[in-house]
Amino acid sequence: MSTDGLIVVDKPGGMTSHDVVARIRRLAKTRRVGHGGTLDPMATGVLVIGVGRATRLLTYVIGAGKSYTGTIRLGQATVTDDAEGDVIATTPAGLVTDDAIRSALAALTGEVDQVPSAVSAIKIDGQRAYKRVRDGESVELPARRVTISRLEVLAIRRDEPDVVDVDVDVTCSSGTYIRAIARDAGLALGVGGHLTALRRTAVGGFTLDEAATLDELEQRAPAVVNLPLDAAADRFFPRRDATPDEARVLAHGGPLDPTGRTGPYAVFGPAGGLIAIVSERDGRARAEIVLAPA
């Protein structure tokens, strides 16, 4: 049996998130594996994988804030808003000033209504948007409110005629599309834009510093989990320690007295094991998910 827990993977380019899950299933010798937030095939970096009972934590991981480094190319628009799609428009961008570029990106920070890329995994009437686009449909997705808390310009490079490459560092809420930032910056500047490189550097508190490559995981299989369930919950959530009586009640799905905390937190038993993820509502602390072994 594989240990329950999380794995922070440094996803290579050219693989889907599902490809990584399939590889981990083989290495960990279990089917119960999932990921905490899709990365496009072109993208690299932090992909949080759950194994065993820890797959139930992934819904919280998916909703965590994320950080990225990436490169925006101004002067070309593509059908996918990134380098994987065909170029659909070119407009020389050589005369766009550095100040104009910084201003356009600054205008995209804060709480913004962002229209996701039409070629995305968002479902429309049960079917992925990218599938509808590939079938020849015209897809228009509604804007969604996202928060881009930091969008720092690291470098502006003019290495090729008529295009400008802008290296950026982004911290944002879940659901933000970095390629949509590239598209919208290009539209604002009147020259088009798309994303040519993307690396996710953090998901919540999980960073590249602790990420393992697939080759490294291959070498230590089947012991691929580097953050066991209890340690993962302690890292990701505020902690509450239960008394023996509280532990018994909670393990059977019963409520506890509230502590006045907002947001979900992890409750641990007297022996230190994780019992449940709890949130407080209607004057009681109730389990969202019970994770104590049966």
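What counts and what doesn't
Residues numbered from 1 in each chain as written. Predicted model: local features only at pLDDT ≥ 70, side-chain atom pairs only at ≥ 80, totals over all residues. Heavy atoms only, no water. Core = buried A, V, L, I, M, F, W, Y, C linked by side-chain atoms within 4.5 Å. Buried < 20%, exposed > 50% of the residue type's maximum accessible area, 1.4 Å probe, protein only. Contact = heavy atoms within 4.5 Å. Helix = DSSP H or I, 4+ residues; strand = E, 2+ residues; numbered from the N terminus. Pairing = 2+ DSSP bridges. Salt bridge = Lys/Arg side-chain N within 4 Å of Asp/Glu carboxyl O.

Topic: the nonpolar core
So, step 1. Residues Ile 24, Ile 49, Leu 105 and Val 166 are the most contacted members of the largest nonpolar core, which totals 46 residues.
So, step 2. Not counting chain neighbours up to four residues away, the residues in contact with Ile 49 comprise Gly 5, Leu 6, Ile 7, Val 9, Val 20, Val 21, Ile 24, Val 33, Gly 34, His 35 and Leu 58.

Digging into unusual backbone geometry
So, step 1. The linkage connecting Ala 221 with the following residue, Pro 222, adopts the cis geometry, with an omega of 5 degrees.
So, step 2. Residue position: Pro 222 is located in the loop between helix H6 (214-220) and strand E14 (227-228).
So, step 3. Positioned with a positive phi, Lys 29 is a non-glycine residue whose angle comes to about 60 degrees.
So, step 4. With respect to the helices and strands, the residue Lys 29 is situated in the loop between helix H1 (17-28) and strand E2 (33-35).
So, step 5. Positive phi, normally seen in glycine, also occurs at Asp 162, with a value near 75 degrees.

Focus: the pairing of strand E17 (residues 274-281)
So, step 1. Across the eight residues of E17, six count as buried, placing the element largely inside the fold.
So, step 2. Pairing geometry for strand E16 (residues 265-268) and E17, over four bridges, is antiparallel. Residue Tyr 265 lies in a different strand from E17, and its bridge partner there is Val 278.
So, step 3. Connecting the antiparallel pair E16 and E17 is a turn made up of five residues, with Gly 272 showing a positive phi of about 95 degrees.
So, step 4. Here E17 hands over to strand E18 (residues 284-290) after two residues, with Asp 282 in that stretch at a positive phi of 55 degrees.

Re the pattern of salt bridges
So, step 1. Counting across every chain of the model gives 22 salt bridges.
So, step 2. Asp 169 serves as the salt-bridge partner of Arg 150, at 3.2 Å between the closest nitrogen and oxygen. Placement of Arg 150 in strand E10 (residues 144-157) and of Asp 169 in strand E11 (residues 164-172) is noted, with a sequence separation of 19 residues between them.
So, step 3. Take Arg 150: its relative accessible area is 31%, and that puts it in the partly exposed class.
So, step 4. Residue class for Asp 169 comes out buried when judged on its relative accessible area of 17%.
So, step 5. Residue Asp 245 is joined to Arg 248 by a salt bridge in which the shortest nitrogen-to-oxygen separation is 2.1 Å.

Geometric descriptors of this kind do not, in isolation, establish any biological role.
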